[in-house]
Amino acid sequence: MLIFSSIPYQVYRKAAIWAFAASLLLLVLVLIPSVGTKVLGARRWITIGGFGIQPAELVKLTITMYLSTLFEKNIRFLHFMLIVSIVVGLIMLEPDLGTAAVVAVIAFAIYFLAGAGWKSVFLTSAAGILGVTGFILSSQYRRARILTFLDPTKDPLGASYHIRQVLIALGSGGLFGVGIGKSRQKYEYIPAATTDSIFAIIAEELGFLGGLTLITLFAVFFVRSFSIAKRAADRFSRLLACGISVWIATQTIINLGTMVALVPLTGVPLPFISYGGSSTIAVLSAVGILLNISKSAHEKQ
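Caption draft 1: Looking closely at the overall build of the protein. Along its length, the protein carries 11 helices and three strands. When the elements of the protein are put in sequence order from the N terminus, they spell out α-α-β-β-β-α-α-α-α-α-α-α-α-α. Rg of the C-alpha trace for the protein: 20 Å, near the compact-globule value of 19 Å for 301 residues, within the 12% margin. Out of the 301 residues in the protein, the part that is buried amounts to 45%. In the form shown here, the protein has an accessible surface area of approximately 14,900 Å², with 71% of it arising from carbon and sulfur atoms. Taking the average place of the 24 positive charges on the side chains of the protein and the average place of its 12 negative ones, the gap between the two points comes to 8 Å.

So this is what it looks like as structure tokens:
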């Protein structure tokens, strides 16, 4: 964050295409059995020198930079659809529907804010809905998650086990929580307790008030980030700031929505909180860019 906040945001205009191309290459490499690491049935990581890199997390930043550059002067519908289709398709091959959905929302938001016509907005929305429906219907475990979302009491030891354990954690926390470090659900009950399900543990240990405080902090962050986008000095930085804001907001809403059973369960980390190096590096780098955009806008006032 400190490094990216010290780099003038104009640099990303020139670096965007190369950064995006590099992230696309990583998305391809992760699918190669001898290169990508397969964990829990998904091939999402590349291990280099003992460190795991998740290319899908990095592409959230690079596609935001590239589309902001692409739409700075004009809007190219076919170019946009081709880029999104390739990126989302590669991520779905891992497979990772949650990350694919976040990337699609980021791309659509930048496209819309750049001034896309309502006809093309309707076409991209329809294509997105059809695509998500197709991905869900094509996979048995995704269909099971939708059925579990509609009926959480179904298959309590199978498809609905995860969300039922999460809800038990939320309920156990009460108003003030069971105390820091005293969660019972994080010991063998909730899957991904340090990553995707971290909010359930926070709510169990700190209670409703602790969970509400965290949500309030996120809300303040979103208000400030969109305020930075509104005050940005030029079209490129405005689109870039909007894309970053939408990215972090969408990921937060999806994660929290799954934890309270408002959204079907999917694997999306909670920004700033979930354990995971690639996600943390990508998000903090994006915040650094926001800070530089804010600084530049303030200096020009």
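Caption draft 2: Just the pairing of strand β2 (residues 42-48), in detail. Pairing between strand β1 (residues 36-39) and β2: four bridges, direction antiparallel. Bridge pairing in β2 places Thr-37 opposite Trp-45. Both β2 and strand β3 (residues 51-53) contribute to a ladder of three bridges, which runs antiparallel. The residue of β3 that forms the bridge with Ile-48 is Phe-51. The antiparallel hairpin formed by β2 and β3 contains two residues in its connecting segment, where Gly-49 sits at a positive phi of about 60°.

Caption draft 3: Quick peek at the nonpolar core. Ranked by size, the top nonpolar core spans 71 residues in total, and within it Leu-67, Phe-71, Val-87 and Trp-247 carry the most contacts. Of all elements in the fold, only α2 (11-29), α3 (55-70), α4 (77-92), α5 (97-113), α8 (161-173), α9 (198-230), α10 (235-259) and α11 (277-300) reach the threshold of two or more residues within this core. When near neighbours in sequence (up to four residues on either side) are disregarded, Phe-71 contacts Arg-76, Phe-80, Ile-110, Tyr-111, Ala-114, Arg-235 and Leu-239.

Caption draft 4: Seen up close, the pattern of salt bridges. Under the counting rule described, the total for this entry stands at four salt bridges. Between Asp-96 and Arg-44 there is a salt bridge whose closest N-O contact spans 4.0 Å. Of this pair, Asp-96 sits in the loop between α4 and α5 while Arg-44 sits in strand β2; the two residues are 52 residues apart in sequence, bridging distant segments of the chain. Across the pair Glu-57 and Lys-60 runs a salt bridge, and its minimum N-O distance is 3.0 Å.

Caption draft 5: View of the sheet that holds β1. With antiparallel pairing, three strands are arranged side by side in an open sheet as β1-β2-β3. The two strands at the open ends of the sheet, each matched to only one other strand, are β1 and β3. Sheet twist, expressed as the average angle between the axes of neighbouring strands with direction ignored, equals 50°.

About the thresholds
Residue indices begin from 1 for each chain and proceed along its sequence in written order. Local features in this predicted model are restricted to residues of pLDDT 70 or higher, and side-chain atom pairs are both shown and tallied only at a pLDDT of 80 or more, whereas totals for entire chains, interfaces and linings draw on every residue. Side-chain measures were taken over the full set of non-hydrogen atoms in the model, leaving aside hydrogen atoms and water. The secondary structure listing takes helices from DSSP runs of H or I that are at least 4 residues long and strands from runs of E that are at least 2 residues long, numbered from the N terminus. For this measure, only C-alpha atoms enter the radius of gyration; the expected value for a globule follows 2.2 Å times N^0.38, where N is the number of residues. Only protein chains enter the accessibility calculation, which uses a 1.4 Å probe. A residue is then buried if its area is under 20% of the maximum for its type, exposed if over 50%, and partly exposed in between. Residue-level accessible areas treat just the shown protein chains as cover; the underlying method is Shrake-Rupley with a 1.4 Å probe. In this tally, Asp and Glu contribute negative charge and Lys and Arg positive charge; neither His nor the terminal groups of the chain are included. Taken as the charge location is NZ of Lys, CZ of Arg, CG of Asp or CD of Glu. Note on pairing: DSSP must find at least two bridges between two strands before they are called paired. What makes a nonpolar core is a set of buried Ala, Val, Leu, Ile, Met, Phe, Trp, Tyr and Cys residues whose side-chain atoms join them at distances within 4.5 Å. Residue contacts are defined here by distance: any two heavy atoms, one from each residue, within 4.5 Å place the two residues in contact. In the sections that follow, a salt bridge refers to a side-chain nitrogen of Lys or Arg positioned within 4 Å of a carboxyl oxygen of Asp or Glu. Angles run from 0 to 180 degrees between N-to-C directions of axes, and those axes are lines fitted to C-alpha atoms, restricted for helices to the stretch in contact.

Purely spatial values, then, with no claim about function.
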